[in-house]
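Results of the structural survey
Chain by chain, the residues run as shown.
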Amino acid sequence: MMPDKKTRIIEASIELFAKQGYHTTSVQQIAQEAGVAKGSFYNYFDSKDQLILSIYEYYSDLIQNQMASAKAQLDDPREALKRQLDIFFDLLRSRKSLIIMLLQGQVTIEKDIEKFIHEARLQNFKWVSENLTAIYGDDLQPYLNDSVLIFNGMLHSYATWVVSDEEVIQTDRLTTFLLKRLDDVCLNLISSGEEPIIQRLPDDLQEKDLIILEIEKKLKNHPNEDETIEKAKDAVHVLKKELKKDDPESIIIQSMLQVIEKVDDLQDEAKQIRRLIE
């Protein structure tokens, strides 16, 4: 089945940006590569800058879906994390030219992309936390935040080297090596009895933010696009703004949660938020 026009435009732009750079690639070239009329580009994107945000979202959805699929197929949480890391590093290696272009600042980071990066940070924290909890259980709980921070540091550092200096890294052993270092960190913390360094999470990594992120993800991927889904999306937007206030109105929060929980698979998340604000 042929991808829809928007996906074809995104994939065409990825190829062209990687080959010839962002600024030297025209909208006409992207449309030609995608096999669509130039006007079709502007049906989906106001500009190339807006297209960059869609590329970030495209890769985020791609990697999350592939990781979720891999995790669901494996019962052993350690093997599941290894497979997810393999997917992550494979994607980095396959798109090095594009990643380097984005990292070198050839593209202006606009407010919408900053918002996406913040959401990606939340998603990453949730992803690492869930995987570490699945592997090490409740014993790691006092040190979970420190472990997430340390593992993210290792992952980010090696990812940077894979993109910029892959030839000096034994990539075939990388994920196994990282999991062994993760054992060194987590098992030693558990046995140390030491007081954790991170006593509380920053405001933008609170549990309610992670739950709202999950709600948004489910709504985005929901197979139906009916009035209930649209109202739930609007309710989430209002709920996020209200929860950021110093003195949020309980009646507004409860009203928005009532709208959200009308979507069948969001009832658990609505209950979790109620629990947190009571």
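Preceding this paragraph is the structure being described.
The notes below deal with the structure included here. If you're wondering where the values come from, they're calculated on a predicted model, not measured in any experiment.

**As for the side chain of Asn152**
By the secondary structure assignment, Asn152 is in helix 8 (residues 144–165). Here the side chain of Asn152 touches Asn124 through a polar contact of 2.8 Å, side chain to side chain. Discounting residues that sit within four places of it in the chain, Asn152 has contacts with Asn124 and Val128.

**Things to note about the nonpolar core**
In this structure, Leu51, Ile55, Phe89 and Leu132 are the most contacted members of the largest nonpolar core, which totals 58 residues. With 8 residues, the single largest contributor to this core is helix 8. When near neighbours in sequence (up to four residues on either side) are disregarded, Phe89 contacts Leu155, Tyr158, Ala159, Val162, Leu174, Thr175 and Leu178. Ile229, Leu257, Ile260 and Ile273 belong to the second-largest nonpolar core, a separate cluster that totals 18 residues.

**As for helix 13 (residues 267–277)**
Regarding helix 13, the residues found buried are Glu269, Ala270, Ile273 and Arg274. Angularly, the buried residues of helix 13 cover 140 degrees about the axis, an arc narrow enough to put them on a single face. More than 90 degrees from the buried face of helix 13, the exposed residues found are Asp268 and Lys271. For helix 13, the elements touching its buried residues are helix 10 (207–220), helix 11 (227–243) and helix 12 (250–260).

**Focus: the pattern of salt bridges**
Taken as a whole and assessed by the stated rule, the structure comprises 14 salt bridges. Measuring nitrogen to oxygen at the nearest pair gives 3.1 Å for the salt bridge that ties Lys126 to Glu214. Taken together, the residues span a long stretch of sequence, with Lys126 in helix 7 (residues 111–136) and Glu214 in helix 10 at a distance of 88 residues. No difference in accessibility class separates Lys126 from Glu214, as the two residues are buried. One salt bridge in this structure joins Lys218 and Glu269, with 2.8 Å as the shortest N-O distance. Within this pair, whereas Lys218 is found in helix 10, its partner Glu269 is found in helix 13, the two being separated by 51 residues in sequence. When its relative accessible area of 7% is taken as the criterion, Glu269 is described as buried. A cluster of three or more residues bridged by salt bridges with shared partners is formed by Lys126, Glu130 and Glu214.

What counts and what doesn't
- Residues numbered from 1 in each chain as written.
- Predicted model: local features only at pLDDT ≥ 70, side-chain atom pairs only at ≥ 80, totals over all residues.
- Heavy atoms only, no water.
- Helix = DSSP H or I, 4+ residues; strand = E, 2+ residues; numbered from the N terminus.
- Polar contact = N/O pair within 3.5 Å; in protein donor to acceptor, adjacent residues only side chain to side chain.
- Contact = heavy atoms within 4.5 Å.
- Core = buried A, V, L, I, M, F, W, Y, C linked by side-chain atoms within 4.5 Å.
- Buried < 20%, exposed > 50% of the residue type's maximum accessible area, 1.4 Å probe, protein only.
- Arc of directions from axis to C-beta.
- Salt bridge = Lys/Arg side-chain N within 4 Å of Asp/Glu carboxyl O.

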